Amino acid sequence: METERFDSGSLEATEAFLSRAYTPMRIGGRPRDTRTRIVRNAAEGLVVDRLDFGYTMTYDADRLDAICLITVHKGSMVDTTDGRNDVYGPGETFLIAPPDRPYTGALHSARYTITMFDPALLDRVAAAGANSDGPVRLTGQRPVDAAANRRLGSTVAFLRDQVLTGPAVEGLVVATAVQHLAAVTLSALPSITAQEEDHRTDSRDAHTETLRRAKAFIEENAHRTIALADIAATAFVTPRAVQYAFSRHTDTTPLGHLRHVRLTRAHSDLVKADPHVSSVTRIAAAWGFPHVGRFAAAYRRHYGVTPAVTLRAHD
């Protein structure tokens, strides 16, 4: 294991160290107190740094080409990349940026831990644990929930305080610990493998019972303002599962079926309506068709006549 220490009150020296240790970057800060302290512990495939900035510092950094996790202990950090304003405070562990993207931000009197490892480790643990055939991509920077945040933070703390301490650090111990960190990172942060698992679950849920529940809800509530999320909630599945069920077992979509049900209800009202009292426009609007021309075109495609003809049939 290698240990390196940095302690300086010079912004120029701090910028040079950060650019060498992480990635080329430009920094700025308030001049009253620019003391920076960094302790770096590096072993094979793992870097764990403790940093302490006693002032507000901004940064504009190039891509890292590494998974870089930040655990905030004091103060705050703000991610301003691409116009964002995401604030992280004590107790939060997060991904500072995708490995292949530059990033910008600011820290405010912050004390925090940086943990870095090779992104290829995510592919290896995903292949072993999730049967993923393609490269893994993290799709979010915050953990998926509070429990995931605690799990990721405690794993970082264990590496920092237990694995990288003592007079000798065994290579196998470090390699195993880093692989464990990669697995925890993959489970804690949103990723493409998590989305693929959701797709598998949705596909399993796309059975005929889901279709039956969805159709029943649509037919009972076609007169109301409903959306795909409402249909899915009634069927006890995700919106994607409802879409899969319709795609698998019918030749339409959930909202396409809703439009069809409303069209048949409008047809029924037209058949029964008194043309001296009601109108095509009023009936169409009652069933959620605000554009009477489009309603008439859809009606004619389905029934072979215009809605006006149907309405006047009993005149």
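Here goes a summary of the coordinates provided. Everything quoted here is computed from the prediction, not taken from an experiment.

Inspection of the secondary structure assignment puts E209 in helix α6 (residues 208-221). Residues E209 and A245, 36 residues apart in the sequence, show an inter-C-alpha distance of 9.0 Å. Here the side chain of E209 touches R212 through a polar contact of 2.6 Å, side chain to side chain.

Next up on the list: the environment of R150. Mapped onto the fold, R150 is located in helix α3 (residues 146-163). Note on R150: relative accessible area 55%, which makes it exposed. Along the backbone, R150 and T234 are 84 residues apart, and their C-alpha atoms lie at a distance of 33 Å.

Let us now look at the packing of α6 against helix α8 (residues 239-249). Where α6 contacts α8, the two axes come as close as 9 Å, and the packing angle between them is 105 degrees. In terms of orientation, α6 and α8 fall into the roughly perpendicular class. Contact with α6, carried on its side by T208, T210, L211, A214, K215 and I218, involves A241, V242, A245, F246 and H249 of α8 and no other residues of that element. Partitioning the contact of α6 with α8 into residue classes produces seven nonpolar, three polar and one charged.

Of the residues making up helix α1 (residues 11-21), those classed as buried are L11, T14, E15, F17, L18 and A21. Buried residues along α1 cover an arc of 165 degrees about the axis, so they all sit on one side. Exposed residues on α1 whose side chains face more than 90 degrees from its buried face are E12 and R20. Summarising the contacts, the buried residues of α1 are in contact with β1 (2-8), β2 (25-29), β3 (36-43), β4 (46-53), β5 (56-61) and β9 (103-117).

Bridge count between β2 and β5: five bridges; the pairing is antiparallel. Residue I27 lies in a different strand from β5, and its bridge partner there is Y59. In this structure, β5 lies alongside β9, joined through six bridges in antiparallel fashion. Across the sheet, residue A61 finds its bridge partner in β9, namely Y103.

This part covers the packing of aromatic side chains. The final tally for this structure, using the stated rule, is eight aromatic pairs. Ring plane angle 10 degrees and centroid distance 6.1 Å describe the contact between F53 and Y112, whose orientation is recorded as stacked. You can see F53 sitting in strand β4 and its partner Y112 sitting in strand β9, a full 59 residues away along the chain. Of the two residues, F53 and Y112, neither departs from the other in class, the shared state being buried. With 3.6 Å between their ring centres and 10 degrees between their planes, Y88 and F94 make a pair best called stacked. The pair Y88 / F94 is uniform in exposure class, with both members buried. Among the aromatic residues, those joined into a cluster by ring pairs are F289, F295, Y299 and Y303.

All right, on to the layout of surface pockets then. Estimates place the volume of the largest pocket at around 340 Å³. In terms of lining residues, the largest pocket is bounded by 17 residues, among which P98, P99, D100, R137 and L138 are the most central. When the residues that make up the lining of the largest pocket are grouped by side-chain class, the tally is eight nonpolar, three polar and six charged. Each pocket or cavity is described by its volume, and for the second largest pocket that value is around 240 Å³.

This paragraph deals with the pattern of salt bridges. A complete count under the given rule lists 13 salt bridges for this structure. For the salt bridge of E15 with R26, the shortest nitrogen-to-oxygen distance reads 3.4 Å. Pair noted here: E15 is in helix α1 and R26 is in strand β2, with a separation of eleven residues, a long-range link. E15 sits in the buried class, given a relative accessible area of 17%. Measuring nitrogen to oxygen at the nearest pair gives 2.6 Å for the salt bridge that ties R212 to E209. Of this pair, R212 and E209 are both found in helix α6, three residues apart, which corresponds to roughly one turn of the helix. Residue classification places R212 among the partly exposed residues on the basis of a relative accessible area of 48%. E209 gets classed as partly exposed once you look at its relative accessible area, which sits at 30%. If you follow the salt bridges from partner to partner, you end up with D7, R35 and R37 in one network.

Turning our eyes to something else, we now look at unusual backbone geometry. The phi torsion at D65 lies on the positive side, around 55 degrees, for a residue other than glycine. Position of D65 relative to the elements: it lies in the loop between β5 and β6 (67-79). Taking relative accessible area as the criterion, D65 reaches 46% and is therefore assigned partly exposed. Positive phi, normally seen in glycine, also occurs at S109, with a value near 45 degrees. By secondary structure assignment, the location of S109 is in strand β9. The class for S109 is partly exposed, based on a relative accessible area of 36%.

So, how was this worked out
- Residues numbered from 1 in each chain as written.
- Predicted model: local features only at pLDDT ≥ 70, side-chain atom pairs only at ≥ 80, totals over all residues.
- Heavy atoms only, no water.
- Helix = DSSP H or I, 4+ residues; strand = E, 2+ residues; numbered from the N terminus.
- Polar contact = N/O pair within 3.5 Å; in protein donor to acceptor, adjacent residues only side chain to side chain.
- Buried < 20%, exposed > 50% of the residue type's maximum accessible area, 1.4 Å probe, protein only.
- Axes fitted to C-alpha atoms, helices over the stretch in contact; angles between N-to-C directions.
- Parallel < 35°, antiparallel > 145°, perpendicular 65-115°, else oblique.
- Contact = heavy atoms within 4.5 Å.
- Nonpolar A, V, L, I, M, F, W, Y, C, P; charged D, E, K, R; others polar.
- Arc of directions from axis to C-beta.
- Pairing = 2+ DSSP bridges.
- Phe/Tyr/Trp six-rings, centres within 6.5 Å; stacked < 30°, edge-to-face > 60°.
- 1 Å grid on protein atoms, 1.4 Å probe; cavity = no way out; pocket = protein on both sides within 12 Å on 5 of 7 lines; lining within 4 Å.
- Points joined across faces, edges and corners; volume = space filled by probe spheres on them.
- Salt bridge = Lys/Arg side-chain N within 4 Å of Asp/Glu carboxyl O.

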